[in-house]
Amino acid sequence: MSRACLSSREVELMSPPMPSSTLPTPDPRLIDAQADLEVFCARLHEADYVTVDTEFMRDSTYWPQLCLIQLADAQTACAVDALAPGLDLAPIWQLLAAPVPKVMHAARQDIEIFFHRGGVIPEPLLDTQVGAMVCGFGDQAAYDTLVNHFAGRRLDKHARFADWARRPLPARQIDYALADVIWLRAVYEGLAAELRRNGRADWVEEEEAVLLNPNTYRLDPEHAWKRLKIRSADPAFLAVVRAIAAWREHEAQRLDLPRSRVLRDDALLDVAAQMPADVDALAQCRGVTRGMAAGRLGPGLLAAVAEGRAVPPEERPQPAPQRERPKGVGPAMELLRVLLKARVEHEGVAQKLVASSEDLEDLAGGAEDGPLLRGWRRELFGVDAQRLLRGELALTLKRGRVKVCQTATDFRP
C-alpha cells in the first residue's frame, strides 16, 4: 500500500495538541502573509499533485464565508487564512488553474466557492469520493472510511462544527483542518494505484465532467423555483412561484442572507397561492408579518406577485410530465436489478453510480438511448442488460451466487 511521507512538522501535528493557552504566535502552519502565500504556492506548482480542502461557514449568509484553504504536496501542508486582512488569494486561484493535478474529496461545495470567489475550477482533478465509488467503496464513501482503509488512521472529528471564523484559531482546530489534506495524500496514492490496476481512470473522468462544468455552479434566479417542492401543476400558480422565487434569490444575494431568512419556502408557496395585491392581503399570508408586508421587503414581494400574474399563458412554466411506468415492465425490471447487483458485486463498483431505478425502468421499457447505453456503463452493464431483455442471456444460481449464462454450461459472473 502506498503511503505519503510526512515532514517533521506533520509528525508533530499528530502528537497530542497543546492547550490553547500555549498557542504559538504565529503558528507556522497557518499562512496569513502575502509573501509566504506566494512562496508556498510557487512550490506547489512544481509538485506531483496537490491535495486541497476548505473550511467555510454559511449558516447565516447566502454566500459561503471562506475561512481556510488547506493545501499540501507530498511533504508539506499549510492552511491559508482566507480571512487575513489584505491577503490576496490570487496565487491560489492560479495554482488551481495550473496543470498540477488537484486532489479533493466530495469536491462540489469547495469548487462552488472557488468558482464564485476566484473564477476558477480546479483541473485536472481527482475527486476521491468519485474514485472510491468506481473502486468499490460503496455509495458516497466517507473520507474517514478511506483514510482508515488506506492509511490505517482514525480521524478525530471533534472540530467538524467549529467556528472557523474566529481568530486566532486554536492549534487543535488547525490540526483538524490540516489532517484533511495530510491524510488525503495516502487516499489519493492508494486510489491512483487501484485505478491504474483496474483501468478505470476514464470512468472517473466521465463522472467528474459535471463537477468541471461551470454551468453546475452558475446561480440563475429564474431557475430558483425548481428547487421547491411544489404539488400544484397549475401553470398560473407556477408562474407566480417562479417570479417570487427569483425575487427571493436576488434579495438573498443582495443582502447575503440565507433564502429562508428572506422568505421561508412554505411562506413563498402560500403567497403564490393567495396572490395578494396589497399590503393587507400580504400580511394575511402564512409566515409574513405585518412588519414585513409594510416594510422594505413588502413592495418587492408584491411586485413579484404582480409580475407572475401578468405572465401570458403561453409563457407560463409547464409542469413536468408525470412519469408513468410502461405496462408490463415490472418483471423485466426485477431481472435487471438482479443482473445489476451481480455485475457491481463482481466488478467492485458502487451500484448507485451505475444505475438508478428510472434508468432501469427506461431500459426495461425499450429505451434505445440513455446513460446505461453510453460510456463505461454500457460496457459494464448496458450490453448484457439488453441481451437479457432479448432472451439471449439467462440468470441462474450457482453455489448461492447469481450467475449470467448463455447456455446451461456457460456460466459467468
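Residues numbered from 1 in each chain as written. Predicted model: local features only at pLDDT ≥ 70, side-chain atom pairs only at ≥ 80, totals over all residues. Heavy atoms only, no water.

Visitor: I would appreciate a short explanation of the overall build of the protein in the present structure.
Guide: Per the secondary structure count, the protein includes 18 helices and nine strands. Each of the three principal axes of the protein carries a C-alpha extent, and together these read 75 × 70 × 35 Å. For the protein, the share of sequence-separated contacts (at least 6 apart) that also reach a separation of at least 24 residues comes to 63%. Side chains of the protein carry 52 positive and 59 negative charges; the gap between the two charge centres is 5 Å. (Helix = DSSP H or I, 4+ residues; strand = E, 2+ residues; numbered from the N terminus. Contact = heavy atoms within 4.5 Å. Lys, Arg positive; Asp, Glu negative; His and termini not counted. Charge placed at Lys NZ, Arg CZ, Asp CG, Glu CD.)

Visitor: Explanation requested: the sheet that holds strand S6 (residues 125-127) in the structure shown.
Guide: Backbone-to-backbone hydrogen bonds pair the strands of a sheet. The strands run either parallel or antiparallel. The six strands lie next to each other as S1-S4-S3-S2-S5-S6, forming an open sheet whose pairing is mixed. Looking at the sheet topology across the chains shown, the edges are occupied by strand S1 (30-31) and S6. Direction of pairing for strand S2 (residues 50-57) relative to strand S3 (residues 65-72): antiparallel, over a ladder of seven bridges. The residue of S3 that forms the bridge with Glu55 is Leu68. Packing of helix H7 (residues 171-198) onto the sheet brings it into contact with S1, S2, S3, strand S4 (77-81), strand S5 (102-104) and S6, and relative to S2 it is tilted by some 140°. (Pairing = 2+ DSSP bridges. Axes fitted to C-alpha atoms, helices over the stretch in contact; angles between N-to-C directions.)

Visitor: Can you walk me through the nonpolar core in this structure?
Guide: Most often, soluble globular proteins keep nonpolar side chains buried together rather than apart. Judged by nonpolar contacts, the single largest core of 65 residues is most densely connected at Trp183, Val187, Leu336, Val354, Leu360 and Phe381. With 15 residues, H7 is the single largest residue contributor to this core. Once residues within four sequence positions are removed from consideration, Phe381 is found in contact with Leu336, Leu339, Leu340, Arg343, Val354, Leu360, Leu363 and Leu372. Of all hydrophobic cores here, the second largest spans 34 residues; its members include Phe40, Ile69, Val100 and Leu211. (Core = buried A, V, L, I, M, F, W, Y, C linked by side-chain atoms within 4.5 Å. Buried < 20%, exposed > 50% of the residue type's maximum accessible area, 1.4 Å probe, protein only.)

Visitor: Before we go on, may I ask you to explain helix H4 (residues 108-118) in this structure?
Guide: The periodicity of an α-helix, 3.6 residues per turn, causes residues three or four places apart in sequence to face the same way. Residues Asp110, Ile111, Glu112, Ile113, Phe114 and Phe115 constitute the buried set of H4. Contacts from the buried residues of H4 go to S2, S3, helix H3 (90-97), S5 and S6. Immediately beyond the C-terminal end of H4, within one or two residues, lies Gly119, with a positive phi of roughly 65°.

Visitor: Before we go on, may I ask you to explain the packing of helix H15 (residues 330-347) against helix H18 (residues 375-389) in this structure?
Guide: A packed helix pair is summarised by two numbers, namely the angle formed by the two axes and the spacing between the axes. The geometry of H15 relative to H18 is characterised by a closest axis approach of 10 Å and an angle of 145° between their N-to-C directions. Note on packing geometry: the crossing formed by H15 with H18 is right-handed. Where H15 approaches H18, its residues Ala332, Leu335, Leu336, Leu339, Leu340, Arg343 and Glu347 are matched on the opposing element by Leu380, Phe381, Asp384, Ala385, Leu388 and Leu389. (Left-handed = near helix turned anticlockwise from the far one by under 90°.)

Visitor: Got a minute to help me understand unusual backbone geometry in this structure?
Guide: Most peptide bonds take the trans form, and the phi angle of most residues other than glycine is negative. Along the chain, Glu123 connects to Pro124 via a cis peptide bond; the corresponding omega equals 0°. With respect to the helices and strands, the residue Pro124 is situated in the loop between H4 and S6. One non-glycine residue, Asp256, lies in the positive phi region at around 55°. Positionally, Asp256 belongs in the loop between helix H9 (235-255) and helix H10 (259-262). On the basis of relative accessibility, which here comes to 28%, the residue Asp256 falls in the partly exposed class. Notably, Met275 is not glycine yet its phi reads approximately 50°, a positive angle. Checked against the element boundaries, Met275 lands in the loop between helix H11 (265-274) and helix H12 (279-283). Accessibility expressed as a relative area gives 21% for Met275, which makes it partly exposed.

Visitor: Explain the confidence of the model for the protein here, please?
Guide: The predicted coordinates should not be examined in detail at positions where pLDDT is low. On average, residues of the protein score 89 in pLDDT, and 91% of them are at 70 or above. Here residues 1-25 scores under 50 on pLDDT; set against residues more than four positions off or in separate chains, the count is 40 contacts. (pLDDT = per-residue confidence, 0-100.)

Visitor: Just to check I follow, could you spell out the layout of surface pockets for this structure?
Guide: Left-over empty space is what a probe sized like a water molecule reveals as it rolls over the atoms. Roughly 780 Å³ of volume is contained in the largest pocket. Around the largest pocket sit 23 residues that line it, and Thr54, Glu55, Arg160, Tyr176 and Asp180 are the ones nearest its centre. Residues belonging to the lining of the largest pocket are distributed by class as follows: twelve nonpolar, three polar and eight charged. (1 Å grid on protein atoms, 1.4 Å probe; cavity = no way out; pocket = protein on both sides within 12 Å on 5 of 7 lines; lining within 4 Å. Points joined across faces, edges and corners; volume = space filled by probe spheres on them. Nonpolar A, V, L, I, M, F, W, Y, C, P; charged D, E, K, R; others polar.)

Visitor: I tried to follow the state of the cysteines on my own but got confused; where do I start?
Guide: One covalent bond between the sulfur atoms of two cysteine residues makes up a disulfide. Summed over the entire model, instances satisfying the criterion amount to zero disulfides. With no disulfide of its own, Cys78 lies closest to Cys41 among cysteine sulfurs, the gap being 9.9 Å. (Disulfide = S-S within 2.5 Å.)

Visitor: Help me understand the pattern of salt bridges in this model?
Guide: Two side chains bearing opposite charge may form a pair once their charged atoms approach each other closely. Overall, the coordinates contain 18 salt bridges when judged by the stated rule. A salt bridge links Glu392 to Arg387, with the nearest nitrogen and oxygen atoms 3.4 Å apart. Several salt bridges converge on common partners, so that one network encompasses Arg200, Arg343 and Glu347. (Salt bridge = Lys/Arg side-chain N within 4 Å of Asp/Glu carboxyl O.)

Visitor: I keep staring at the environment of Ala132 and nothing clicks. Help me out?
Guide: Structurally, Ala132 is set in helix H5 (residues 128-134). The contact partners of Ala132, leaving out residues within four places of it in the chain, are Phe137, Ala141, Leu146 and Leu191.

Visitor: I keep staring at a negative patch on the surface and nothing clicks. Help me out?
Guide: Taken together, the side chains of Glu123, Asp202, Glu205, Glu206 and Glu379 present a region of like negative charge at the surface. It is helix H8 (residues 201-207) that contributes the most residues to the negative patch, three residues altogether. Relative to the helices and strands, Glu123 resides in the loop between H4 and S6. With a relative accessible area of 44%, Glu123 lands in the partly exposed category. (Patch = residues over 30% accessible without salt bridge, like charges linked within 9 Å, V, L, I, M, F, W, Y side chains within 5 Å. Areas by Shrake-Rupley, 256 points an atom, 1.4 Å probe, with all protein chains shown as cover.)

Visitor: Help me understand the packing of aromatic side chains, please; the structure alone is not making it clear to me.
Guide: For any pair of aromatic rings, geometry is given as the distance between the ring centres together with the angle between the planes. In the structure shown here, the tally under the stated rule is seven aromatic pairs. On the basis of an interplanar angle of 80° and a centroid distance of 4.9 Å, the ring pair of Tyr62 and Trp63 is categorised as edge-to-face. Take Trp63: its relative accessible area is 30%, and that puts it in the partly exposed class. Taking the centre distance of 6.0 Å and the plane angle of 40° together, the rings of Phe115 and Tyr217 count as tilted. Residue Phe115 is located in helix H4, and its partner Tyr217 is located in the loop between H8 and H9; the two are separated by 102 residues in the primary sequence. For the residue pair Phe115 and Tyr217, the accessibility class agrees, reading buried in each case. (Phe/Tyr/Trp six-rings, centres within 6.5 Å; stacked < 30°, edge-to-face > 60°.)

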